[in-house]
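Listed below, chain by chain, are the residues.
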Amino acid sequence: MFASASPHLLFGLVFTLAVVYYLVNHALGKRLPPRAPSNIPYYEHTRGFLEGGERLYSIMKVHAGSRIPIRFSLLGGDVYLISSPGLIRATLYDTKKFVAHYARARFIQNVLGYSKAAIQSIEHDTSGSAKDPLPGSSTPANKRILRMQQVSTLDVISSKDGMVEILHQFTRVYDQMLDERVGGGKWVELPDLYGFMRYIGSTAVITALCGPRLLRDCPGFLDAFWTFDEKVHYLHMALPSWLNPRAGKARAFCVDAITKWRKGAVDMAKSAPYSVDDMWNEIWGLKAMRLRNEMYDNFPEIDEASRSGADLGILWASNDNLVPTIFEYIFAILRSPSLLARCKAEMAHARLPTRDPSGMADFEPSILIKQPLLQSVLNEVLRLNASSLIGRTAREDFQVDNYTIPKGSMALVSAHLEHINRAVWEARPGAHNHPVEEFWPERFLDYNSLVNANQPPSISMKGLDGSFLPFGLGYNMCPGRHFAIRTVLYTAAKFVHRYEVIPQRQFCGKWPEPQKNYKTFGYAICGPANQIPVLIRQIE
Ligand code: HEM
């Protein structure tokens, strides 16, 4: 009875709220942006946002290149899709007009399971995360949680020392696991290259951030983590847990494991003192994880489960984009022998004298990131696969031509839609023969400014401000981007030098055409839809 009555009640309530909202805005004379057409108003778009994946992709993709905001009416309120480079710059660069933390708060409450009391500490902080509080904020310094999160966590991750340490820990674990599983020179069958890389990659990222204990003490963590990852869009809509019990169960499993891990760290730190200068140790992993725990001690209203939910958020943000990007990058160059050869030639500039007794090739990340083709391929992989919806909240009414996005509304920017805007991408020099759907490794190279034909082309991002945004834009853009870019290039350089990989027989020796998995559309890099069975052997 309850099960059948409650959706109708919910629908009735939300419908009434939506009508009131519309009438109030109309009475105030505001002209809202046009509503995205739908066959069944409210239901169709709500369903798209709920189900996420292909359905969400299909209701959004028709608006690629729109020059005015589009309104999606959901049960629960409107959201505005912002498109076109100028509007995107206005939305994402100006933190006085649009702020990130209300969208983040909604995410951590619904997806990460923050308690109501804990979420209030964020909602009541009107000061923003920058050093200087936002104008008009009266939040006292000791309640500036957004700023404290920035300093304890995001600044450490994005600092040079932090980045170097995470990269070091990541590659140490990654290489060791590759060695154990596919080292030794014999052909090894892998039923799915992506599944294999996802397992190794997420083990390495989580160890780099939390040290070895979390995964060692909780062997089921990775399975639960990737199930949670698939359900993020569902949790975000805050529907009753009985509608999708797997989502809540996967999150609860991860949160419990993180709580045990953090309690273990606090206990161990009492008997095995560490240096506060340690950027990484086995107790806490990266310094940021210790600092954020100390920070939460200032906020008694943030209970243990909420702290663990927030830590789960850091693990999610660091894995869900990076891990599929490493795969997509390696897969893109493995599939084309000529591209592989050209990438290897650029990787050679960064090759270091071998330090490893096994003779394993080593590379200098700071040189890899300067190689034009390697960068162009990475940008092209990100262009085609990034799918994040970047959320901001309007602090004041935002006027676009005759339309108003009302104060307090949620604005969304879709990285993917901007990345397939023909008006921008196909107008770039040399791109008229390369439609936006095509993977064109040279898309970001500038052949036009070459003085002579022997000179290698350089990378060009000209005209792309507001159009290329795999890591977001502005003050709140991804703090892990420097680490991510180095990690992808470094891991790929080692992988393609050390291993030979061939597709298994069902593809008759040919690589399958990449098929995208849209399940995580809106949140993360879209990985492959199908399993890719391969044979792999160590050659160096
Ligand atoms: C290819 C890899 C990655 C991509 C494409 C990516 C993309 C993004 C995007 C689009 C955002 C939202 C930015 C905005 O709102 O403007 C974001 C936020 C974030 N990313 Fe990344 N990311 C990647 C890797 C990483 C890594 C490796 C880490 C950690 C080591 C990380 C940590 C974070 C965190 C903590 C946030 C939230 C920041 C905040 O709350 O302000 N990301 N990322």
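Because the structure is predicted, anything quoted here is derived from the model rather than measured.

Rules and cut-offs
- Residues numbered from 1 in each chain as written.
- Predicted model: local features only at pLDDT ≥ 70, side-chain atom pairs only at ≥ 80, totals over all residues.
- Heavy atoms only, no water.
- Pairing = 2+ DSSP bridges.
- Helix = DSSP H or I, 4+ residues; strand = E, 2+ residues; numbered from the N terminus.
- pLDDT = per-residue confidence, 0-100.
- Contact = heavy atoms within 4.5 Å.
- UniProt positions renumbered as here; feature names shortened; annotations may be inferred.
- Buried < 20%, exposed > 50% of the residue type's maximum accessible area, 1.4 Å probe, protein only.
- Domains from an automatic or database assignment.
- Buried area = accessible area lost by both parts, 1.4 Å probe.
- Salt bridge = Lys/Arg side-chain N within 4 Å of Asp/Glu carboxyl O.
- Near = heavy atom within 4 Å.
- Polar contact = N/O pair within 3.5 Å; in protein donor to acceptor, adjacent residues only side chain to side chain.
- Nonpolar A, V, L, I, M, F, W, Y, C, P; charged D, E, K, R; others polar.
- Arc of directions from axis to C-beta.
- Axes fitted to C-alpha atoms, helices over the stretch in contact; angles between N-to-C directions.
- Left-handed = near helix turned anticlockwise from the far one by under 90°.

1. Observations concerning the sheet that holds strand 9 (residues 389-394)
Next up, step 1: What the five strands build is an open sheet, ordered 1-2-12-9-3; its pairing is mixed. A strand with exactly one partner marks an edge of an open sheet, and here the two such strands are strand 1 (70-74) and strand 3 (98-99).
Next up, step 2: Pairing of strand 9 with strand 12 (residues 410-414), which is carried by five bridges, proceeds in the antiparallel orientation. Each bridged residue has a counterpart across the sheet, and for Arg392 the counterpart in strand 12 is Ala411.

2. Re the confidence of the model for the protein chain
Next up, step 1: Summary statistics for the protein chain give a mean pLDDT of 90 and a share of 93% for residues scoring 70 or more.
Next up, step 2: Counting contacts from residues 1-14, a segment whose pLDDT is below 50, to residues more than four positions away or on other chains yields seven contacts.

3. Focus: the UniProt feature "binding site: heme" (unreviewed entry) in the protein chain
Next up, step 1: The UniProt record marks Cys478 with the feature "binding site: heme" (unreviewed entry), using the residue numbering of this structure.
Next up, step 2: Along the chain, Cys478 turns up in the loop between strand 14 (458-459) and helix 21 (481-498).

4. Some remarks on the pairing of strand 2 (residues 77-82)
Next up, step 1: The element strand 2 is largely enclosed, with a buried count of five among its six residues.
Next up, step 2: Note: strand 1 against strand 2, five bridges, orientation antiparallel. By the bridge assignment for strand 2, Ile70 is matched with Leu81.
Next up, step 3: Linkage of strand 1 to strand 2, two consecutive antiparallel strands, is achieved through a turn of two residues, within which Gly76 is found at a positive phi near 120 degrees.
Next up, step 4: Relative to strand 12, strand 2 runs parallel, the two being bridged by four bridges. Bridge assignment links Val79 to a residue of strand 12, and that residue is Met410.

5. A word on the side chain of Ser121
Next up, step 1: You can see Ser121 is positioned in helix 6 (residues 116-123).
Next up, step 2: For Ser121, a relative accessible area of 8% gives the class buried.
Next up, step 3: In contact with Ser121, other than residues within four places in its own chain, are Ile145, Phe299, Glu301 and Ile302.

6. Looking at the domain arrangement of the protein chain
Next up, step 1: According to the domain assignment, the protein chain consists of domain 1 (2-99 + 396-416) and domain 2 (152-320 + 487-538).
Next up, step 2: A separation of 32 Å is found between the C-alpha centroids of domain 1 and domain 2.
Next up, step 3: Considering only the side of domain 1, the residues that lose the most area to domain 2 are Leu50, Gly53 and Tyr57, jointly responsible for 42% of the buried surface there.
Next up, step 4: Counting across the domain 1 and domain 2 interface gives zero salt bridges.

7. Here's the deal with the site of the ligand
Next up, step 1: Taken together, the neighbourhood of the ligand is formed by 23 residues, with Arg104, Asn321, Arg392, Asn476 and Cys478 sitting nearest.
Next up, step 2: In this structure, Arg104 approaches the ligand through a side-chain N or O atom, which is 2.9 Å from an oxygen atom.
Next up, step 3: Between the ligand and the protein, one listed contact pairs an oxygen atom with a backbone N or O atom of Asn476 at 3.4 Å.
Next up, step 4: Elements with a contribution of two residues or more to the shell around the ligand: helix 7 (145-158), helix 14 (304-319), helix 15 (322-334), strand 9 and helix 21.
Next up, step 5: In terms of residues, the shell around the ligand owes the most to one element, helix 14, which gives three residues.
Next up, step 6: The residue inventory of the shell around the ligand, partitioned by class, reads 14 nonpolar, seven polar and two charged.

8. Looking at helix 6
Next up, step 1: Within helix 6, burial applies to Ala118, Ile119, Ser121 and Ile122. Taken around the axis of helix 6, the buried residues stretch over an arc of 145 degrees, which confines them to a single face.
Next up, step 2: Buried-residue contacts for helix 6 involve helix 5 (101-110), helix 7 and helix 14.

9. Here's the deal with the packing of helix 8 (residues 160-182) against helix 9 (residues 193-210)
Next up, step 1: The N-to-C vectors of helix 8 and helix 9 enclose an angle of 140 degrees; their axes lie 8 Å apart at closest approach. Relative to helix 9, helix 8 is oriented so that their crossing is right-handed. In contact with Ile166, Gln169, Phe170, Arg172, Val173, Tyr174, Met177, Leu178, Arg181 and Val182 of helix 8, helix 9 contributes Phe196, Met197, Tyr199, Ile200, Gly201, Thr203, Ala204, Val205, Thr207 and Ala208.
Next up, step 2: The class makeup of the residues in the contact of helix 8 with helix 9 is 14 nonpolar, four polar and two charged.

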